[in-house]
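Chain and residue survey
The primary structure of each chain is shown beneath.
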Amino acid sequence: MKARVILGLLLIPMLISLGGCAEKNIIDETPVRVIFNRTHGSVWGAQLYMDICPEEITTARYFTDRSVSWDQLSSENVPITEEQWNAVEAAVNDLRPLLEEVKKPSLLKRIISSRHPTVDGHLTRRLTLVFETGDELLSIEYDCPHSDQTTALEQLLEELAALIDETNLNEES
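Within each chain, residue numbers correspond to sequence positions counted from 1 in written order. In keeping with the model being predicted, local features are shown solely for residues with a pLDDT of at least 70 and side-chain atom pairs are shown and tallied solely at 80 or more, while totals for entire chains, interfaces and linings include all residues. Hydrogens are left out, water is left out, and the side-chain values use all remaining heavy atoms of the structure.

Right, let's get into the side chain of T128. Helix and strand labels come from DSSP, where a helix needs a run of H or I of at least four residues and a strand needs a run of E of at least two; each type is numbered from the N terminus. In this fold, T128 is placed in strand β6 (residues 124-133). Two residues qualify as a contact provided that any one of their heavy atoms is within 4.5 Å of a heavy atom in the partner residue. If sequence neighbours within four positions are ignored, T128 has contacts with R33, V34, I35, S139, I140 and E141.

Written out as structure tokens, the structure is:
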């Protein structure tokens, strides 16, 4: 019995040290894809989700003034202009120095959180930047801070969502 307790005490620091720390990981390259996700932890899904590359918005899920009750609007493969991509890229570049990479939680944290899941209502903003590294694509997920730069990026993406919504409305008419 005593051996089990000692073994357990020796394993705790190891479990705590396995991941869990956020660190800066900013690549100087230009991303080839930007994925933004804002949610309040709702079971209804992301309030705003955009997957954008230089030529198009690959996926967009969003709520607008036109959203009835909890209906989330979505669009796929919506072409964007070079100016729109440049605006997204500039907003991301303004935000990059503030970004903290999301690290996989430690084994101990995963065990505890599986027994005590997070409740609804926590505001989360995540930004995933995808880079070309030779023959591979590298995706890095970041937590977005509550900052003017994050707000600027969100507003730009909301404007793109409004343009998509307006285009969809015109096509329905």
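Moving on, we get to the pairing of strand β7 (residues 136-143). Two elements, strand β5 (residues 100-101) and β7, share two bridges in a ladder whose sense is antiparallel. Across the sheet, the residue bridging to E101 is Y142, located in β7. Paired strands, in this sense, are two strands between which DSSP finds at least two bridges. Taken together, the eight bridges between β6 and β7 define a ladder with antiparallel strand orientation. Bridged to V130 within β7 is S139. The antiparallel pairing of β6 with β7 creates a hairpin that spans two residues between the two strands, and G134 there sits at a positive phi of about 70°.

It is worth spelling out the environment of I80 at this point. Its place among the elements puts I80 in the loop between β4 (73-79) and α2 (82-95). In this scheme, a residue with accessible area under 20% of its type's maximum is buried, one over 50% is exposed, and one in between is partly exposed, where area comes from a 1.4 Å probe on protein chains only. On the basis of relative accessible area, I80 is assigned to the buried category, the value being 12%. On a C-alpha basis, the gap between I80 and T58 in space is 10.0 Å, while along the polypeptide they are 22 residues apart. Setting aside chain neighbours within four positions, we find I80 in contact with I52, C53, P54, E55, E56, I57 and W85.

Any Phe, Tyr or Trp ring, taking Trp's six-membered ring, that has another such ring centre within 6.5 Å forms a pair; planes under 30 degrees apart are called stacked, those over 60 apart edge-to-face, and the others tilted. Enumeration according to the criterion identifies zero aromatic pairs in this entry. R61 extends its terminal NZ or CZ atom over the ring of Y49, reaching a point 4.2 Å from the ring centre. A positively charged side chain is recorded as over a ring if its NZ (Lys) or CZ (Arg) lies within 6 Å of the ring centre. The angle to the ring normal must also be within 35 degrees.

All right, on to α2 then. Helix length check: α2, at 14 residues, gives a terminal C-alpha distance of 20 Å against a target of 20 Å (1.5 Å per residue), a fit within 8%. Restricting attention to buried positions, one finds in α2 the residues W85, V88, E89, A91, V92 and L95. Along α2, the residues classed as buried sweep out an arc of 160° about the axis, all on the same side. Away from its buried face by more than 90 degrees, α2 exposes E82, E83 and D94. Every helix has an expected span of 1.5 Å times one less than the residues it contains. Directions drawn from the helix axis to the C-beta atoms are what define this arc.

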